[in-house]
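Structure at a glance
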Amino acid sequence: MSERSELTPTVLAGVDGSPQSTAAAHWAAEEAVRRGAALRLVHAWPWLTDGVSSFAEPDDLPDVVQRTLTEAAEDLRGRYPDLAVRTDAVLDAPVDGLVAAAGDAELLVLGSRGRGGFTGLLLGSVSMAVAGRSEVPVVVVREAGEAVSGTAEVVVGVDGHAPEEEVLAFAFREAALRGAGVRAVHGWDLPPLFGYAGGAVPAAEIAQLEALEAKLLSLALAGPREQYPGVVVVEDVRLGAARGLVEASAGAALVVVGRRHRPVDFGPRLGRVAHAVLHHAEAPVAVVPHG
């Protein structure tokens, strides 16, 4: 276990030995290097809890848990010799344990599915629940596939009518760290009255509405553009928010969506756009809490 100053930022990755969590750990290691942060690998193991301790000592861990953490850490230390890597087993259920462990991290990275997930599902219940509850941004990574360019775009979903500053700031920072551009996707829908009228919508009216939506997007991006003048921005206005982001995810380095903080502890925690993008995007997805 490597020692670092308490002031050193930390990127946390959940590991369980699955291919998806291995991909997430590697993604998290690269992100930690970019940020000059330490990497913390965490495995949640509820059956060790004694009701007093929060973390397990190495000698207390079952062999499979200790081996999973040790092998993951050794692999990453070999690939990134200057990266400080530590490991912990959290004595809690996976969702509660990961959410609590991420409290002082800059970022939490998870695989799309862990061990015990159903093969047909694109996103596991743990990843979905953590993305909906975490107080820090959560990145969900699928099993390693075809590598994308180091300067591939960062795609961010933008609500031109109510832009979220935290979401845009995260996306622009990620792009700046990579030396990449930002594709700002503003998906919009036709007002309900067009559906009530029936028939085809005149092309001229669609063009007028699209021009208005494009103007809103430009206004929403003014602040981040000023803060990150070196980041090239593509403004992308499309019909359909979720569909537009999924389409734009092909070949992207990262897709960034927002998730509003909920004042109550029931009901769905992810909006329909974040939910759809998490299930269908072809790139890693960052869910950034805001509001």
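Residues numbered from 1 in each chain as written. Predicted model: local features only at pLDDT ≥ 70, side-chain atom pairs only at ≥ 80, totals over all residues. Heavy atoms only, no water.

Some remarks on the overall build of the protein chain
Counting its secondary structure elements, the protein chain contains nine helices and ten strands. Evaluated residue by residue, the protein chain yields a buried proportion of 47% over its 291 residues. Residue pairs in contact within the protein chain that sit at least 24 positions apart in sequence constitute 79% of those at least 6 positions apart. Carbon together with sulfur atoms contributes 54% to the accessible area of the protein chain, which is approximately 14400 Å² in total. (Helix = DSSP H or I, 4+ residues; strand = E, 2+ residues; numbered from the N terminus. Buried < 20%, exposed > 50% of the residue type's maximum accessible area, 1.4 Å probe, protein only. Contact = heavy atoms within 4.5 Å. Areas by Shrake-Rupley, 256 points an atom, 1.4 Å probe, with all protein chains shown as cover.)

Quick look at the packing of aromatic side chains
To describe a pair of aromatic rings, one takes the distance between the centres and the angle between the planes. In total, this model carries one aromatic pair according to the counting rule given. Between the aromatic rings of F172 and Y228, the centroid separation amounts to 6.0 Å while the plane-to-plane angle is 35°, which identifies the pairing as tilted. With F172 in helix α5 (residues 165-178) and Y228 in the loop between α7 (203-227) and β8 (233-239), this residue pair connects regions lying 56 residues apart in the sequence. Under the relative-accessibility criterion, F172 is labelled buried at 0%. (Phe/Tyr/Trp six-rings, centres within 6.5 Å; stacked < 30°, edge-to-face > 60°.)

So, helix α8 (residues 241-248)
Of all the positions in α8, only A241, A242, G244, L245 and A248 are classed as buried. The arc enclosing the buried residues of α8, seen along the axis, measures out at 165°, which places them on a common side. In this structure, the buried side of α8 is in contact with β6 (154-157), β7 (182-188), β8, β9 (254-260) and α9 (272-280). (Arc of directions from axis to C-beta.)

Things to note about the confidence of the model for the protein chain
Detailed reading of the predicted coordinates is not advisable wherever pLDDT falls low. Of the residues in the protein chain, 80% have a pLDDT of 70 or more, and the chain-wide mean is 84. Here helix α6 (residues 192-197) is the element of the protein chain with the lowest mean pLDDT, 55, and β6 is the one with the highest, 98. Considering only residues more than four positions removed or in separate chains, one finds that residues 1-5, a stretch of pLDDT under 50, has twelve contacts. Here residues 49-53 scores under 50 on pLDDT; set against residues more than four positions off or in separate chains, the count is two contacts. (pLDDT = per-residue confidence, 0-100.)

Structural notes on the sheet that holds β9
Two pairing modes exist for strands in a sheet, parallel and antiparallel, and in both the strands are linked by backbone hydrogen bonds. The strand order β3-β2-β1-β4-β5-β10-β9-β6-β7-β8 describes an open sheet built from ten strands, whose pairing is mixed. Both edges of this open sheet fall to β3 (85-90) and β8, since each of them pairs with a single strand only. The average undirected angle you get between the axes of adjacent strands in this sheet is 25°. With four bridges connecting them, strand β4 (residues 107-111) and strand β5 (residues 138-141) associate as parallel partners. Bridging across to β5, L110 finds its partner in V140. With respect to the sheet, helix α4 (residues 125-133) is in contact with β4, β5, β9 and β10 (285-290), its orientation differing from that of β4 by roughly 165°. The strands touched by α7 within the sheet are β7 and β8, with β8 carrying the most contacts at an inclination of about 145°. (Pairing = 2+ DSSP bridges. Axes fitted to C-alpha atoms, helices over the stretch in contact; angles between N-to-C directions.)

Focus: the pairing of β10
Taking burial as the measure, the six residues of β10 include six buried ones, the bulk of the element. By the alternation rule, side chains of β10 split into V285, V287 and P289 and A286, V288 and H290, which are all buried. Where β5 meets β10, three bridges bridge the pair, whose relative direction is antiparallel. Each bridged residue has a counterpart across the sheet, and for V138 the counterpart in β10 is V287.

Points about the nonpolar core
Counting 50 residues, the largest nonpolar core has L39, L41, V109, V156 and V256 as its most contacted members. With seven residues, the top contributor of residues to this core is helix α1 (residues 19-35). Other than its neighbours up to four places away in sequence, L41 contacts A13, V15, A25, L69, A72, A73, L76, V85, R86, T87 and D88. Judged by nonpolar contacts, the second largest core, of 32 residues, contains L12, V99, V255 and A274. (Core = buried A, V, L, I, M, F, W, Y, C linked by side-chain atoms within 4.5 Å.)

Some details on the side chain of E164
Structurally, E164 can be placed in the loop between β6 and α5. Put simply, E164 is tucked away with no salt bridge, and the nearest opposite charge, on R260, sits 4.8 Å away. Among residues more than four places away in sequence, those in contact with E164 are D159 and H290. (Lys, Arg positive; Asp, Glu negative; His and termini not counted. Salt bridge = Lys/Arg side-chain N within 4 Å of Asp/Glu carboxyl O.)

Some remarks on the environment of R35
Within the fold, R35 resides in helix α1. On the basis of relative accessibility, which here comes to 11%, the residue R35 falls in the buried class. For the pair R35 and R173, spaced 138 residues apart in sequence, the C-alpha separation works out to 10.0 Å. Not counting the four nearest positions on each side in its chain, R35 is found in contact with V11, E106, L107, F170, R173, E174 and L177.

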